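Residues per chain are reported as follows:
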Amino acid sequence: MLSNPSIHSKLPNVGTTIFTIMSSLANEYKAINLGQGFPDYPMNAELVELVNKAMKDGYNQYTHMCGLPALRERIAEKIEGLYTTKVDPETEITITPGGTYAIYTALTTVLQPGDEVIVFEPAYDSYIPNIEINGGVPVLIPLVHPEYRSDSYRIDWDLVRQKISPKTKLIMLNTPHNPTGAVLGAEDIKQLQHIVAGTDIFVLSDEVYEHLIFDNRKHESVLRYADLYQRSFVCFSFGKVYDCTGWKMGYCVAPPALMKEFRKVHQFNAFSCSTPVQYALAEFLPRKENYLQLGVFLQKKRDHFLGLMKQTRFEPLPSYGSYFQLYSYAAISDENEKDFAIRVTKECGVAGIPVSAFYKNGNDNKVLRFCFSKKEATLEEAAMRLKKL
Ligand code: GLN
C-alpha cells in the first residue's frame with residue numbers, strides 16, 4: 001500500500017525568506033533591486049584570477065575540514081592586526097560556507113531544548129528560526145527606536161538585565177547591525193561585560209559587516225575583549241568583504257573548547273568548503289588595502305544615495321555601518337510595510353525590504369530598508385523612480 005507521509009514541521013510559522021520574495025518580485029517586475037544586500041558592481045578581478053589559477057593548478061579536491069591551513073593563518077594575522085588579539089588558527093578558526101551557516105552551526109553547537117537566547121529586534125531574519133529549530137526559546141528585546149534624524153537604534157541594557165534568567169544560554173549581537181545600520185559603542189561593550197561577568201552565558205557576535213563602518217566609528221569586535229571572547233562565537237563573511245556574496249564563504253572564530261564542539265557539528269554538515277576559493281583568499285587576504293578602504297568606499301555610496309533621496313518624501317534614519325539605510329515613508333503612505341514594499345516594486349520599479357520582516361510579531365514602523373552597495377547609476381535611477389511617490 002502507498003503511504004503518504006506528511007511532515008510535522010519544525011518551523012510551522014516560517015514562510016519563504018523576505019530576501020527571496022523581494023528579489024523574485026524585483027526580477028519579475030524588472031525593478032531595481034535595493035532589497036537583498038549585494039553589490040551590483042564587479043568584484044576584484046585579481047581575486048577572480050586567483051580562483052581560476054587555483055582551479056587550473058588542480059586544487060579541486062576536499063581541503064581540510066576546518067579550512068585550508070594557510071587561509072586560517074592569514075585570518076589569524078588579520079585578526080591580530082585589527083583587534084590585537086592572538087587566536088590560534090589550528091584550534092580557533094573554522095572556514096564555513098557563509099556567515100549564516102556559521103551562525104546556525106554555533107547555535108546548534110550550544111543550544112539544548114528550553115535554553116533561552118536574548119535577541120534584539122529588529123533581528124536578521126535567520127536568527128529566530130535558527131534558535132527555534134534547535135529547541136531554543138528566543139527572548140525578544142526591542143532596540144530603542146530612534147527619533148528621526150537624531151540617534152540610531154540602541155540597546156536598552158536595563159531591559160537586558162531584566163530579561164536575563166537562569167535559563168539564559170546565549171546573547172546574540174550584531175554590529176554593524178542589519179537592518180538598522182546601528183553600531184555598538186564602547187559603552188555597550190562595558191554593559192555587556194558587566195552583565196555576563198560571573199555567568200555561564202555565551203555570546204554569538206555576528207560581525208559580517210566589520211569593515212563596512214562609517215563616520216570614523218570604530219568596530220567594537222568582541223575579539224578585542226578577552227573576557228568576552230572566552231565565551232564567544234564570532235562570525236564573519238568573505239562575501240561582504242570582497243563583493244562576492246554568491247561565493248557563500250565565511251568563518252567562525254571561537255576559543256578552543258567552544259570551537260572543538262562547533263567542529264563536531266560542522267564536520268557532519270558541510271564538512272569543508274570550496275578549495276580553490278580558499279587558496280585564492282589565502283593569497284589575497286594580506287593585501288590589506290582591499291578591506292581597509294571599504295568603509296570609506298561605502299560611506300560615499302551611503303552619502304550619494306542620501307543626497308539623491310532628499311528629492312523624495314522618504315526620511316532617512318541614521319546608518320553608521322552595513323550595506324543598508326532605513327528610510328521612513330510615514331509622509332507618503334499609511335500602508336503596512338510589506339504591502340508598501342510590494343506596491344513600490346510593482347508600480348515604481350524599486351525593491352526594498354520591509355523592516356517588519358525582522359520582527360517576530362511583524363512590528364510595523366513604516367520603514368523600508370534600502371541597500372546602497374550599488375553603482376552610482378543604479379542609485380540615481382532608483383531615487384528618480386522613488387520621486388514619483
Ligand atoms: N544578508 C543579506 C541581506 O540582509 C541577505 C542574505 C540572504 O538573502 N540570505 O540582504
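None of the values given here were measured: they were computed from a predicted structure.

Asks: Account for the site of the ligand, with residues named and values stated.
Replies: Taken together, the residues surrounding the ligand are Phe19, Gln36, Gly37, Tyr124, Asn178, Tyr209, Phe324 and Arg369. Backbone polar atom of glycine 37 to an oxygen atom of the ligand: 2.6 Å apart, as the coordinates give it. Tyrosine 124 is positioned with one of its side-chain polar atoms (N or O) 3.3 Å from a nitrogen atom of the ligand. When the ligand sits alone it has 300 Å² of accessible area, and the protein chains cover 78% of it. Taken together, the residues that form the shell around the ligand break down as 4 nonpolar, 3 polar and 1 charged.

Asks: Help me get a handle on helix H1 (residues 18-28), residues and values and all.
Replies: Turning to H1, its buried residues are Ile18, Phe19, Met22, Ser23, Leu25 and Ala26. Down the axis, H1 shows its buried residues gathered within 160° of arc, on one side only. Structural note: H1 exposes Asn27 and Glu28 on the side pointing more than 90 degrees away from its buried face. Directly beyond the C-terminal end of H1, a positive phi value near 50° is found at lysine 30.

Asks: Any chance you could break down the nonpolar core for me, citing the residues and the numbers?
Replies: Judged by nonpolar contacts, the single largest core of 120 residues is most densely connected at Met172, Tyr242, Val253, Phe314 and Phe370. Those residues in contact with tyrosine 242 that sit more than four places away from it in its chain are Met43, Leu47, Leu281, Phe284, Leu285, Asn290 and Tyr291.

Asks: Kindly report on the sheet that holds strand E13 (residues 367-371), identifying the contributing residues and their values.
Replies: Hydrogen bonds between backbone atoms are what pair the strands of a sheet, whose relative direction is either parallel or antiparallel. The antiparallel open sheet is built from 4 strands, whose spatial order is E9-E10-E13-E12. Of all strands in the sheet, those with a lone pairing partner are strand E9 (315-316) and strand E12 (353-354), marking the two edges. Looking at chain direction, E12 and E13 are connected through 2 bridges and run antiparallel. Across the sheet, residue isoleucine 353 finds its bridge partner in E13, namely arginine 369. Together, E9, strand E10 (324-328) and E13 form the strand contacts of helix H14 (residues 294-309), whose direction differs from that of E10 by roughly 15°.

Asks: Go over the pattern of salt bridges with me, naming the residues and quoting the values.
Replies: Side chains that differ in sign of charge can pair as their charged atoms come close. Summed over all chains, the structure comprises 17 salt bridges. Its salt-bridge partner being arginine 302, residue aspartate 215 comes within 2.8 Å of it at the nearest N-O pair. Here arginine 302 lies in helix H14 and aspartate 215 lies in the loop between strand E6 (202-206) and helix H9 (226-229), a separation of 87 residues in the sequence. Of the residues examined, aspartate 215 reaches a relative accessible area of 32% and is grouped as partly exposed. The exposure class of arginine 302 is buried, given its relative accessible area of 7%. Each of Glu73, Arg74 and Glu77 takes part in one network of salt bridges that share partners.

Asks: Before we move on, can you summarise the sheet that holds strand E3 (residues 116-121) with the specific residues and values?
Replies: Here we have 7 strands laid out as an open sheet, ordered E2-E8-E7-E6-E5-E3-E4, and mixed in their pairing. Only two strands of the sheet have a single neighbouring strand rather than two, namely strand E2 (93-96) and strand E4 (137-142). Ignoring strand direction, the axes of neighbouring strands in this sheet form an average angle of 20°. Alignment of E3 against E4, held across 6 bridges, turns out to be parallel.

Asks: A description of the environment of alanine 280 should follow, citing residues and the corresponding values.
Replies: Positionally, alanine 280 belongs in helix H12 (residues 275-284). Leave out the neighbours within four places in its chain, and alanine 280 touches Leu47, Leu50 and Val51.

Asks: Give a detailed account of helix H15 (residues 337-348), specifying residues and quantitative values.
Replies: Count 3.6 residues to each turn of an α-helix, and residues three or four apart come out pointing the same way. For H15, which comprises 12 residues, the first-to-last C-alpha distance of 15 Å matches the rise-based estimate of 16 Å (1.5 Å per residue) to within 8%. All of the buried residues in H15 are Glu337, Phe340, Ala341, Val344, Thr345 and Cys348. Summarising the axial view, the buried residues of H15 lie within an arc of 135°, below the 170-degree limit, and thus occupy one face. Buried residues belonging to H15 abut H1, strand E11 (350-351), E12, E13 and helix H16 (376-386). Backbone nitrogen of lysine 338 and a side-chain oxygen of the N-cap are separated by 3.1 Å at the start of H15; the cap is asparagine 336.

Asks: Can you break down the packing of aromatic side chains residue by residue, with the values?
Replies: For the structure on display, the rule yields 21 aromatic pairs. For the ring pair tyrosine 59 and tyrosine 279, a centre distance of 3.9 Å and an interplane angle of 20° mean the geometry is stacked. Here tyrosine 59, found in the loop between helix H2 (45-56) and helix H3 (69-83), pairs with tyrosine 279, found in helix H12; they are 220 residues apart in sequence, far enough to count as distant. Their ring planes at 80° and their centres at 5.9 Å tell us that tyrosine 209 and phenylalanine 324 sit as a pair that is edge-to-face. Taken together, the residues span a long stretch of sequence, with tyrosine 209 in the loop between E6 and H9 and phenylalanine 324 in strand E10 at a distance of 115 residues. Overall, tyrosine 209 belongs to the buried group, its relative accessible area being 4%. Looking at phenylalanine 324, the relative accessible area reads 1%, which means it is buried. Counting every residue linked through ring pairs, the aromatic cluster contains Phe305, Phe314, Tyr327, Tyr329, Phe340 and Phe370. Note that lysine 78 overlies the ring of tyrosine 291, its terminal NZ or CZ placed 4.2 Å from the centroid. A cation sits over an aromatic face here: arginine 217 above tyrosine 320, 3.6 Å from the ring centre.

Procedures and definitions
- Residues numbered from 1 in each chain as written.
- Predicted model: local features only at pLDDT ≥ 70, side-chain atom pairs only at ≥ 80, totals over all residues.
- Heavy atoms only, no water.
- Near = heavy atom within 4 Å.
- Polar contact = N/O pair within 3.5 Å; in protein donor to acceptor, adjacent residues only side chain to side chain.
- Areas by Shrake-Rupley, 256 points an atom, 1.4 Å probe, with all protein chains shown as cover.
- Nonpolar A, V, L, I, M, F, W, Y, C, P; charged D, E, K, R; others polar.
- Buried < 20%, exposed > 50% of the residue type's maximum accessible area, 1.4 Å probe, protein only.
- Helix = DSSP H or I, 4+ residues; strand = E, 2+ residues; numbered from the N terminus.
- Arc of directions from axis to C-beta.
- Core = buried A, V, L, I, M, F, W, Y, C linked by side-chain atoms within 4.5 Å.
- Contact = heavy atoms within 4.5 Å.
- Pairing = 2+ DSSP bridges.
- Axes fitted to C-alpha atoms, helices over the stretch in contact; angles between N-to-C directions.
- Salt bridge = Lys/Arg side-chain N within 4 Å of Asp/Glu carboxyl O.
- Expected span 1.5 Å × (residues − 1).
- Phe/Tyr/Trp six-rings, centres within 6.5 Å; stacked < 30°, edge-to-face > 60°.
- Lys NZ or Arg CZ within 6 Å of the ring centre and 35° of its normal.

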